[in-house]
Amino acid sequence: MSTTMPHTAPETAADTAPNFWLQDIPKQLAALDAGLLRRKRRTVAPLHGAHISVDGQTMLQFCSNDYLGLATHPELVAAACTGAQDFGVGSGGSPMVSGHSTANEELEQDLARFVQLPRALYFYAGFATNASIIPALVGEGDALFSDALNHASLIDGCRLSRAQIHRFAHGDLAALEALLAASSAQRKLVVSDAVFSMDGNVADIPGLLALCERYDALLLLDDAHGFGVLGPEGRGCLAAAGLTGANASPRVLYMATLSKAAGASGAFVAGHDLLIEWLLQKTRSYIFATAAPALLARALQASVRLMEHEPVLRERLQARIAQLRAGLEPLLARTSWRLLPSHTAIQALVIGSNDAALALMEGLRQRGLWVPAIRPPTVPKGTARLRIALSAAHTQEDVAQLLAALSELADLTELTEPAAAALETN
Ligand SMILES: *Cc1c(COP(=O)(O)O)cnc(C)c1O
């Protein structure tokens, strides 16, 4: 540094210069408070089954994406411990340098075999995967076709790519076809959640694929909520649609997170060998990020084993789904509530107004039950809802307890007042 440069801007606590950020943020936070939109975290710790400690209080939760109850499964815990003993806790580098452990390699092979696709690539996080594989596949001059209800990580990936984004109304294949037909782009990528995370419905995968074939497009499916839950042995949405193994299409890229039903963290993308090789060469969050630790790969290998060989996990989940849906029927008959069609672990009970949904969440909280209320803009206006996430960790008694509480609350009239304690956003 030049010695003649005067030291005019001291970066110390005594800095009294105007600071736009520190003046602006309190105003922005006040606006969030006024709209009941300020997000808060709770500190949690697992207790037993679906019971957790929330800020020190025992609650029965219906908000976890751990759909098979694997996050605390003894076999995963033991595999992670052995993995730590064998490999340590950090991977030490990018998979392109020294981070691609034998455990991570074996996991990729297990995943490809399990989802019945030619090859899989294991990423350290789901959000980063979506945000960076899309820019690896399309760029300026190319075209993207994105379902309006896609996950934020897919939306960010689309934006980062600089390709032209065509958004189509949720599930509207006719609208998608019109957009594809009008596009003159050479590279066309259709992007969709496989299971939509706020509704629990499944995309029309054969319909999407047929359009991709007709218009020479590639299809990227995000099966975060279907992997481990849908299809034979939980092999996911593509297997459920009969589009794996000998019927696998070279124009489908299958992405799934390993942070939900698989019970750990990370994600993978599977598909044709050339597509996966391309992603390995070009995905920035793969090349420039430290590889996931081998202990997680070992835990995830145990997840895949359990998914494949313990059908009782999925049977238990399916029984809870059936129990909840049947038990809600009499409530639907005497309220304005609507239960969206879903055979997945995500059951959306649409209440309507934000206040009513928040009050219901608060009523449940007072009864020791944690079910998140989801409001606009996360879901369309007037469709505020309870997002009930079921798991193989729930017992029949757990679901019965939720149904009893909802029945009691359905009869209360004061449910139109938003409770102060329900200041929470999801
Ligand atoms: C959770 C989620 C992701 C992000 O995955 P993480 O493993 O949490 O980073 C991506 N897509 C969908 C649809 C999700 O629900």
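Below or above, wherever it landed, is the structure these notes cover.

Cut-offs and rules
Residues numbered from 1 in each chain as written. Predicted model: local features only at pLDDT ≥ 70, side-chain atom pairs only at ≥ 80, totals over all residues. Heavy atoms only, no water. Pairing = 2+ DSSP bridges. Helix = DSSP H or I, 4+ residues; strand = E, 2+ residues; numbered from the N terminus. Contact = heavy atoms within 4.5 Å. Axes fitted to C-alpha atoms, helices over the stretch in contact; angles between N-to-C directions. Expected span 1.5 Å × (residues − 1). Buried < 20%, exposed > 50% of the residue type's maximum accessible area, 1.4 Å probe, protein only. Arc of directions from axis to C-beta. Parallel < 35°, antiparallel > 145°, perpendicular 65-115°, else oblique. Nonpolar A, V, L, I, M, F, W, Y, C, P; charged D, E, K, R; others polar. Left-handed = near helix turned anticlockwise from the far one by under 90°. Near = heavy atom within 4 Å. Polar contact = N/O pair within 3.5 Å; in protein donor to acceptor, adjacent residues only side chain to side chain. Areas by Shrake-Rupley, 256 points an atom, 1.4 Å probe, with all protein chains shown as cover. Phe/Tyr/Trp six-rings, centres within 6.5 Å; stacked < 30°, edge-to-face > 60°. Core = buried A, V, L, I, M, F, W, Y, C linked by side-chain atoms within 4.5 Å. Domains from an automatic or database assignment. 1 Å grid on protein atoms, 1.4 Å probe; cavity = no way out; pocket = protein on both sides within 12 Å on 5 of 7 lines; lining within 4 Å. Points joined across faces, edges and corners; volume = space filled by probe spheres on them.

### What about the sheet that holds strand β11 (residues 338–339)?
Move 1: A sheet is described by the order of its strands in space; here 4 strands give the open sequence β11-β12-β15-β14, paired in antiparallel fashion. Since the sheet does not close on itself, it has two edges, and those belong to β11 and β14 (373–374), each with one partner.
Move 2: Looking at chain direction, strand β12 (residues 346–352) and strand β15 (residues 384–389) are connected through 6 bridges and run antiparallel. Note that in β15 the partner of Q347 across the bridge is I388.
Move 3: Sheet strands touched by helix α12 (residues 311–334): β11, β12 and β15. Its angle to β12, the strand with the most contacts, is close to 15°.

### Details of helix α2 (residues 74–87)
Move 1: Taking 1.5 Å per residue, 14 residues should reach 20 Å; α2 reaches 20 Å between its end C-alpha atoms and fits that length.
Move 2: Taken together, the buried positions of α2 are occupied by L76, A79, A80 and G83. Along the long axis of α2, the arc covered by the buried residues comes to 100°, so they all point the same way. Relative to its buried face, α2 has exposed residues pointing more than 90 degrees away, namely P74 and Q85.
Move 3: Looking one or two residues beyond α2, the residue adopting positive phi is G88, at roughly 80°.

### A word on the packing of α12 against helix α14 (residues 396–410)
Move 1: Two elements in contact, α12 and α14, have axes whose closest approach is 10 Å; the angle formed by their N-to-C orientations is 10°. The pairing of α12 with α14 is recorded here as roughly parallel in orientation. Where α12 approaches α14, its residues R320, Q323, L324, G327, L328, L331 and R334 are matched on the opposing element by Q396, V399, A400, L402, L403, L406, S407 and A410.
Move 2: Residues of the contact of α12 with α14, tallied by class, amount to 9 nonpolar, 4 polar and 2 charged.

### Observations concerning the packing of helix α6 (residues 173–182) against helix α7 (residues 205–214)
Move 1: Their axes nearest at 11 Å, the elements α6 and α7 cross at an angle of 15°. In terms of axis orientation, α6 runs roughly parallel to α7. The handedness of the crossing between α6 and α7 is right-handed. Along the contact surface, α6 presents L173, L176, E177 and L180, while α7 presents G207, L208, L211 and R214.
Move 2: By residue class, the composition of the contact of α6 with α7 is 5 nonpolar, 1 polar and 2 charged.

### Some thoughts on the site of the ligand
Move 1: The full set close to the ligand counts 13 residues, and F127, D222, H225, S259 and K260 are the nearest of them.
Move 2: Contacts to the ligand include H151, whose side-chain N or O atom sits 3.4 Å from a nitrogen atom.
Move 3: Separating an oxygen atom of the ligand from a side-chain N or O atom of H225 is a distance of 2.6 Å.
Move 4: Protein chains bury 83% of the 380 Å² of accessible surface belonging to the ligand in isolation.

### Details of the packing of aromatic side chains
Move 1: Applying the stated rule across the entire model yields 5 aromatic pairs.
Move 2: Here F123 and Y286 contribute two aromatic rings whose centre-to-centre distance is 5.1 Å and whose plane-to-plane angle is 65°, an arrangement assigned as edge-to-face. Of the two residues, F123 sits in strand β4 (residues 119–123) while Y286 sits in helix α10 (residues 284–287), which places them 163 residues apart along the sequence.
Move 3: The class of F123 is buried, set by a relative accessible area of 2%.
Move 4: Residue Y286 is classed as buried on the basis of its relative accessible area, which comes to 5%.

### Considering the nonpolar core
Move 1: Ranked by size, the top nonpolar core spans 98 residues in total, and within it F227, F268, L386 and L406 carry the most contacts.
Move 2: Looking at this core, you find at least three residues from each of domain 1 (40–69 + 311–422) and domain 2 (74–309).
Move 3: Excluding its chain neighbours within four sequence positions, the residues that come into contact with F268 are L111, V115, A120, L121, Y122, F227, Y254, M255, A256 and L258.
Move 4: One finds L154, L218, A267 and L275 within the second-largest nonpolar core, a separate group that totals 24 residues.

### Some points on unusual backbone geometry
Where the residue is not glycine, phi is negative for most of them; where a peptide bond is considered, it is trans in most cases.
Move 1: The residue after P376, namely P377, is reached through a cis peptide bond having omega 10°.
Move 2: By the secondary structure assignment, P377 is in the loop between β14 and β15.
Move 3: At L36, a position not held by glycine, the phi torsion is positive, near 55°.
Move 4: With respect to the helices, strands and loops of the structure, L36 is situated in the loop between α1 (20–34) and β1 (44–46).
Move 5: Not every positive phi belongs to a glycine, and R162 is a case in point at roughly 70°.
Move 6: Looking at the secondary structure, you find R162 in the loop between α5 (152–161) and β6 (164–168).

### With respect to the pairing of strand β7 (residues 188–193)
Move 1: Across the 6 residues of β7, 6 count as buried, placing the element largely inside the fold.
Move 2: Here β7 shows a buried face lined by K188, V190 and S192 and a second buried face lined by L189, V191 and D193.
Move 3: As judged from the 4 bridges shared by strand β5 (residues 143–147) and β7, these two strands associate in the parallel manner. For S146, the partnering residue across the bridge sits in β7 and is V191.
Move 4: In this sheet, strand β8 (residues 218–222) lies alongside β7 in parallel orientation, the contact comprising 5 bridges. Directly across from V190, in β8, lies its bridge partner L219.

### Some thoughts on empty space enclosed by the protein
Move 1: As enumerated under the stated definition, the model contains 1 cavity of 30 Å³ or more in all.
Move 2: Its boundaries defined by the atoms lining it, the largest cavity holds a volume of some 90 Å³.
Move 3: Taken together, 13 residues make up the lining of the largest cavity; nearest its centre are P95, Y122, Y286, A291 and A292.
Move 4: Going through the elements one at a time, α3 (102–115), β4 and α10 are the ones with two or more residues in the lining of the largest cavity.

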